[in-house]
Amino acid sequence: MTKKTKYCLPYAVLLRFYTIVAIAATVAIEDEKHVLKRRIIKFLGSFAIRHPITFRRRLRKTLTTVRWAKYLAPLIGTGNKLIGQLRTLRKRHRQAEEAETAKKVRKMLWKSNLDKEERRETAAVMLQGTYRGHQSRQAYKAMLNVRAKKREAAAKIQSVREKAAKARVNVLRKKQELRSLQM
């Protein structure tokens with residue numbers, strides 16, 4: 001170390017050791033990458049030689065998929081951005097409507113010629129209505145959630161039944177093949 005430092009010798013040794021370990025780890029990772037690349041290339045080359053038609057078909061499909069992804073990725077990103085902006089607009093519109101209704105309620109309550117008791121009663125009725133509306137919306141969401149779970153369960157049951165039917169057909173076919181072979 002040519003520069004004069006304020007650090008002690010053990011700290012400098014520790015820094016040097018860390019640098020050496022970091023370099024060794026980077027080299028090891030690069031070696032693993034090269035080994036993996038070689039394995040993949042070897043596998044693909046041998047597959048291409050053994051099954052040229054299948055390899056060509058799969059390569060075409062892969063390249064087509066990559067091209068589609070290349071062209072669709074920006075469109076999907078733009079679509080997601082637009083969806084986010086629409087959600088924000090809807091939220092702002094809803095907030096503006098709520099602010100307008102709150103303004104009307106305040107005007108009705110505080111600018112009218114109601115006495116104190118009538119104002120309290122009107123405010124209590126409004127609060128109760130708001131709370132009941134909130135409760136009913138929560139109950140509706142819970143009901144939709146239960147329906148969705150029932151649909152999922154029914155779909156799972158249906159898929160299990162289909163698999164069981166296929167298995168039964170396969171077992172019967174195998175039994176018939178076995179009988180025909182025994183005869």
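Our subject is the structure listed above.
A few points on the structure. Remember, it's a predicted structure, so these values are computed and weren't measured experimentally. (Residues numbered from 1 in each chain as written. Predicted model: local features only at pLDDT ≥ 70, side-chain atom pairs only at ≥ 80, totals over all residues. Heavy atoms only, no water.)

**Topic: the overall build of the chain**
- Helix and strand content of the chain: 3 helices and 0 strands.
- Listed by position from the N terminus, the elements making up the chain come as α-α-α.
- Expected size for 183 residues packed as a compact globule is a radius of gyration near 16 Å; at 36 Å, the chain overshoots this value by more than 25%.
- Overall, the chain is about 95 × 90 × 40 Å in size when its C-alpha atoms are taken along their principal axes.
- Counting over 183 residues, the chain shows a buried share of 2%.
- Put simply, the chain shows about 17800 Å² of open surface, and 63% of that area lies on carbon and sulfur atoms.
- Placing the 47 positive and 13 negative side-chain charges of the chain at their respective mean positions leaves the two points 14 Å apart. (Helix = DSSP H or I, 4+ residues; strand = E, 2+ residues; numbered from the N terminus. Rg over C-alpha atoms; globule rule 2.2 N^0.38 Å. Buried < 20%, exposed > 50% of the residue type's maximum accessible area, 1.4 Å probe, protein only. Areas by Shrake-Rupley, 256 points an atom, 1.4 Å probe, with all protein chains shown as cover. Lys, Arg positive; Asp, Glu negative; His and termini not counted. Charge placed at Lys NZ, Arg CZ, Asp CG, Glu CD.)

**Some words on the environment of Ala153**
- Topologically, Ala153 is positioned in helix H3 (residues 116-182).
- With relative accessibility at 36%, the residue Ala153 sits in the partly exposed group.
- Once the C-alpha coordinates of Ala153 and Ile53 are considered, the two residues, 100 residues apart in sequence, prove to be 43 Å apart.

**Quick word on the layout of surface pockets**
- Size it by volume and the largest pocket reaches roughly 220 Å³.
- Listing elements by their share of the lining of the largest pocket, those giving two or more residues are helix H2 (52-110) and H3.
- Split by residue class, the lining of the largest pocket holds 5 nonpolar, 2 polar and 1 charged. (1 Å grid on protein atoms, 1.4 Å probe; cavity = no way out; pocket = protein on both sides within 12 Å on 5 of 7 lines; lining within 4 Å. Points joined across faces, edges and corners; volume = space filled by probe spheres on them. Nonpolar A, V, L, I, M, F, W, Y, C, P; charged D, E, K, R; others polar.)

**Some points on the pattern of salt bridges**
- The tally for this structure, following the rule as stated, stands at 3 salt bridges.
- The salt bridge involving Glu98 is made with Arg94; its shortest N-O contact spans 3.6 Å. Placement of the pair is Glu98 and Arg94 together in helix H2, with a separation of 4 residues, close to one helical turn.
- Put simply, Arg173 and Glu177 hold a salt bridge, and the shortest N to O gap is 3.7 Å. With Arg173 and Glu177 both in helix H3 and 4 residues apart, this pair spans about one turn of that helix.
- A relative accessible area of 39% places Arg173 in the partly exposed class.
- Of the residues examined, Glu177 reaches a relative accessible area of 39% and is grouped as partly exposed. (Salt bridge = Lys/Arg side-chain N within 4 Å of Asp/Glu carboxyl O.)

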